[in-house]
Amino acid sequence: MHVEDLRWFAVLAETEHLTDAAAALGTSQPNLSRSLQRVERAFGVALFERERRGVRLNPYGRLVLEAARAGTAAVDTAKRRIDALVDPESGTVRLAFLHSVATSLMPDLLKAFRADAPSIGFELRQEPAHDIVQDLETGEAEIAIIAPRPDPAHFGWHLLERQRLCLHVPPGHALASRHRVELEEVRDEPFVALQPGFGFQRVTDRLCQAAGFTPRFAFQATDLATIDSLVGAGLGVAILPAGAVRGNDSGAVSIPLAGVQARREIGMSWRLSTPLTPAAERFRTFVRSRPATSS
């Protein structure tokens, strides 16, 4: 039994005549009879009483007619919604992004794209890098703004930004007037950082390990703005990307970290094994047309 069989069944139920129903559907009476047989086989009972002038729904048929109308209406609604979602002019892009780019890269990117395609919508997911990779794998997200780069064997990549990493210190800190700082100089100070599992937290851990120490955390937050505020309040020091926190008047001082490893690459990623919807493909093409930036 197919969805169209249920549509034909509903027409037959309304006309109560095989010949008239077949004419209304633009098919032959044998085709309509075979369609009805498929519906009746699926439910295991006869749905019409055969009469001299035509057919009449029995109690089973009335139950099936109610379900057929509801079912075909639901399928039609889903089809219309899918058509709208995949329309390259007015579809929806399922986009996941890191917490650490929520106040910097993401607003700029979305603003620029919406100026080019104002009718396309977004279904946004803000989450840690490991959750973003899982969403790409399951299809919950089509495109991601992520760091570090996920497995190149399974995910495409386009570099968006190279961020210089800085040491954030409270106002009046002994290092606040420096133009550059070695991370090992704050090995004994408390750190304010992201919670375990966040992609940028792995960057902090890696840099501290390279500097020869394990950081002692005063607090682990879920976003960079909170980290900046707590550093400004004197709770500790932190590693943050340059320019990652905008409009936060915490008073914290940002000092570039020394060393070529003190940078982070952020990019756009997508699953290689699955074609993008037209709206997502348009977004990807737009983003790829923009040059990578450095901070």
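Basis of the calculations
Residues numbered from 1 in each chain as written. Predicted model: local features only at pLDDT ≥ 70, side-chain atom pairs only at ≥ 80, totals over all residues. Heavy atoms only, no water. Buried < 20%, exposed > 50% of the residue type's maximum accessible area, 1.4 Å probe, protein only. Helix = DSSP H or I, 4+ residues; strand = E, 2+ residues; numbered from the N terminus. Arc of directions from axis to C-beta. Phe/Tyr/Trp six-rings, centres within 6.5 Å; stacked < 30°, edge-to-face > 60°. Lys NZ or Arg CZ within 6 Å of the ring centre and 35° of its normal. Core = buried A, V, L, I, M, F, W, Y, C linked by side-chain atoms within 4.5 Å. Axes fitted to C-alpha atoms, helices over the stretch in contact; angles between N-to-C directions. Parallel < 35°, antiparallel > 145°, perpendicular 65-115°, else oblique. Contact = heavy atoms within 4.5 Å. Pairing = 2+ DSSP bridges. Right-handed = clockwise from strand over helix to strand, strands pointing away. Lys, Arg positive; Asp, Glu negative; His and termini not counted. Salt bridge = Lys/Arg side-chain N within 4 Å of Asp/Glu carboxyl O. pLDDT = per-residue confidence, 0-100. Expected span 1.5 Å × (residues − 1).

1. Here we look at helix α9 (residues 278-288)
Part 1: Residues of α9 that are buried include every one of Ala279, Ala280, Phe283, Arg284, Phe286 and Val287, and no others. Down the axis of α9, the sector holding all buried residues measures 160°, keeping them to one side.

2. A few points about the packing of aromatic side chains
Part 1: Evaluated as defined, the whole model comprises six aromatic pairs.
Part 2: Both rings, one in phenylalanine 113 and one in phenylalanine 286, keep their centres 5.3 Å apart while their planes meet at 65°; by these two values the pair is edge-to-face. A residue pair is termed long-range when its members are at least 10 positions apart, and phenylalanine 113 in helix α5 (residues 105-116) and phenylalanine 286 in helix α9 qualify at 173 residues. There is no split in this pair, since phenylalanine 113 and phenylalanine 286 are both buried.
Part 3: On the basis of an interplanar angle of 80° and a centroid distance of 5.4 Å, the ring pair of phenylalanine 122 and phenylalanine 283 is categorised as edge-to-face. In this pair, phenylalanine 122 is assigned in strand β4 (residues 121-126) and phenylalanine 283 in helix α9, connecting sequence segments 161 residues apart.
Part 4: Through a chain of ring-to-ring contacts, three or more aromatic side chains come together here, namely Phe113, Phe122, Phe283 and Phe286.
Part 5: Its end group placed over the ring of tryptophan 270, arginine 284 keeps NZ or CZ at 4.8 Å from the ring centre.

3. What to know about the nonpolar core
Part 1: Residues Leu95, Val101, Ile145, Met268 and Phe283 are the most contacted members of the largest nonpolar core, which totals 35 residues.
Part 2: When residues of this core are traced back to their parent elements, those giving at least two are β3 (92-97), α5, α6 (129-138), β5 (143-146), β6 (155-169), β11 (263-271) and α9.
Part 3: In terms of nonpolar packing, the next biggest core, distinct from the first, is built from 28 residues, Leu165, Phe191, Ala211 and Ile227 among them.

4. Points about the packing of helix α1 (residues 3-15) against helix α3 (residues 29-43)
Part 1: Where α1 meets α3, the closest approach of the two axes is 9 Å, and the angle between their N-to-C directions is 110°. In terms of orientation, α1 lies roughly perpendicular with respect to α3. For the pair formed by α1 and α3, the contact residues are Asp5, Leu6, Trp8, Phe9 and Leu12 on the first element and Asn31, Leu32, Ser35, Leu36, Arg38 and Val39 on the second.

5. Points about the pairing of strand β8 (residues 216-221)
A regular strand places its side chains on the two faces of the sheet in alternate fashion.
Part 1: Here strand β7 (residues 190-194) runs beside β8; their pairing, made up of five bridges, is parallel. When the bridges of β8 are listed, proline 190 appears paired with arginine 216.
Part 2: Between the parallel elements β7 and β8, the chain passes through helix α7 (residues 199-210) in a crossover that is right-handed.

6. A short note on the pairing of strand β9 (residues 238-241)
Part 1: Burial of the side chains of β9 extends over both faces: Ala238 and Leu240 are buried on one face and Ile239 and Pro241 on the other.
Part 2: By the bridge criterion, four bridges tie β6 to β9 in an arrangement that is antiparallel. Bridging from a neighbouring strand, histidine 168 pairs with alanine 238 of β9.

7. A short note on the side chain of arginine 264
Part 1: Among the structural elements, arginine 264 can be located in strand β11.
Part 2: Buried charge without a partner: arginine 264 forms no salt bridge, and the closest opposite charge is glutamate 161, 6.5 Å away.
Part 3: Dropping the residues within four chain positions of it, arginine 264 is found in contact with Leu98, Ser100, Val101, Ala147, Glu161, Arg162, Gln163, Leu165, Phe200, Val203 and Pro241.

8. Overview of the confidence of the model for the chain
Caution applies to low-pLDDT regions: their predicted coordinates should not be interpreted in detail.
Part 1: Per-chain confidence: the chain averages 90 in pLDDT, with 97% of residues scoring 70 or above.
Part 2: Looking at the elements of the chain, mean pLDDT is at its lowest for strand β12 (residues 293-294), recorded as 78, and at its highest for β5, recorded as 96.

9. Some points on α3
Part 1: Across its 15 residues, α3 extends 21 Å between first and last C-alpha, which sits within 8% of the 21 Å expected from 1.5 Å per residue.
Part 2: Every buried residue of α3 is accounted for by Leu32, Ser35, Leu36, Val39 and Glu40. The arc enclosing the buried residues of α3, seen along the axis, measures out at 135°, which places them on a common side.
Part 3: Among the residues trailing α3, glycine 44 stands out with phi positive, at a value near 80°.

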